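Commentary on secondary and tertiary structure
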Amino acid sequence: MFVAIPTRTRPAFRWATPLLACLLWLAYVAVSLRPDAVRHDLLLDWGALSGGLAPPELWRTWSEPERWLRLLSALFLHADWTHLLGNLVFLLIFGLPAERAMGPLRFLVLFLLGGAFANFIAALAIGAPERLIIGASGAVSAIIGAYLALFPRARLGVVVPLGLFLEFVRAPASLLIGVWALLQVAFAYMGPAFGAVAWAAHAGGFLFGMAFALASRGAIARRLRRRQGY
């Protein structure tokens, strides 16, 4: 005789990922509607600027609080719609399951700190003076790195257009990460950001995300057990 035991899983409302996606989109629309001169000034005022400076000047510059704020504000600025679209798609693909596992507040911390750290690494790595670093690619890289560290063999559901129809398929997370990397290369050679990819930001964000997930593994496991009712 078999007795069905009802699950005690409590459905979790995931609000952080949609909120971030909306903020990224609204920030892009707000900036893109401005005249070219105003838009250029906004990017310079709120984007992260790299150095190309000697070490003494570099540390003196980064002692200013404004430079640290720029590392966060730069996450919400994008060069063009292709730059934004690539980040939004993979934010939703990896962000929703990552938020479900780690919770919205920890997910927000990962996005903001991972993105800021990625921008900081890019600012130190890029030698050209006054090079502008913008976009949420570093933060998305942190989310991807965290998800891969937590669920290395996971398969994620994606909707694939097949002619006139949309097909829901499950693809390995590693395959989707490869597609994301290829799209980053493709988007780098489209639009006004031609050839400009802050690869150091991607690598820094990815490594930060993996380290963040490994350091938070115990807390995430306890959270998942609580959701299961244990």
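Everything in this summary refers to the structure shown in the same document. (Residues numbered from 1 in each chain as written. Predicted model: local features only at pLDDT ≥ 70, side-chain atom pairs only at ≥ 80, totals over all residues. Heavy atoms only, no water.)

1. Brief notes about the overall build of the protein chain
Scanning the protein chain for helices and strands turns up 10 helices and four strands. Its helices and strands taken in sequence order, the protein chain reads α-α-β-α-α-α-α-β-α-β-β-α-α-α from the N to the C terminus. Counting only residues that meet the buried cut, the protein chain has 43% of its 230 residues in that class. At a minimum sequence separation of 6, the contacts of the protein chain that also span at least 24 residues come to 79%. Of the accessible surface of the protein chain, which amounts to about 12,800 Å², a share of 70% is contributed by carbon and sulfur atoms. (Helix = DSSP H or I, 4+ residues; strand = E, 2+ residues; numbered from the N terminus. Buried < 20%, exposed > 50% of the residue type's maximum accessible area, 1.4 Å probe, protein only. Contact = heavy atoms within 4.5 Å. Areas by Shrake-Rupley, 256 points an atom, 1.4 Å probe, with all protein chains shown as cover.)

2. A few points about the packing of aromatic side chains
Enumeration over the complete set of coordinates arrives at eight aromatic pairs. A centroid spacing of 5.9 Å and a plane angle of 75 degrees characterise the contact between Phe94 and Tyr147, whose relative ring orientation is edge-to-face. With Phe94 in helix H5 (residues 81-102) and Tyr147 in helix H7 (residues 137-150), the pair connects residues that are 53 residues apart, well separated along the chain. On the basis of relative accessible area, Phe94 is assigned to the buried category, the value being 0%. Taken together, a centroid distance of 6.2 Å and an interplanar angle of 25 degrees make the contact between Phe208 and Phe212 stacked. Remark: Phe212 and Phe208 occur in helix H9 (residues 199-215); sequence separation between them is four residues, near one turn of the helix. Note on accessibility: Phe208 and Phe212 belong to one class, buried. Three or more aromatic residues link up through ring pairs in this structure, and these residues are Phe90, Phe94, Tyr147 and Phe151. (Phe/Tyr/Trp six-rings, centres within 6.5 Å; stacked < 30°, edge-to-face > 60°.)

3. Comments concerning the nonpolar core
Counting residues in each nonpolar core, the largest one holds 32 residues, and the members touching the most others are Leu91, Phe107, Leu110, Phe111 and Ile143. The contacts of Phe111, once residues within four sequence positions are left out, are Leu20, Leu75, Phe76, Leu91, Ala136, Ala139 and Ile143. Of all hydrophobic cores here, the second largest spans 11 residues; its members include Leu71, Ala74, Ala123 and Ile126. (Core = buried A, V, L, I, M, F, W, Y, C linked by side-chain atoms within 4.5 Å.)

Note that all results are geometric; they support no functional claim without further evidence.
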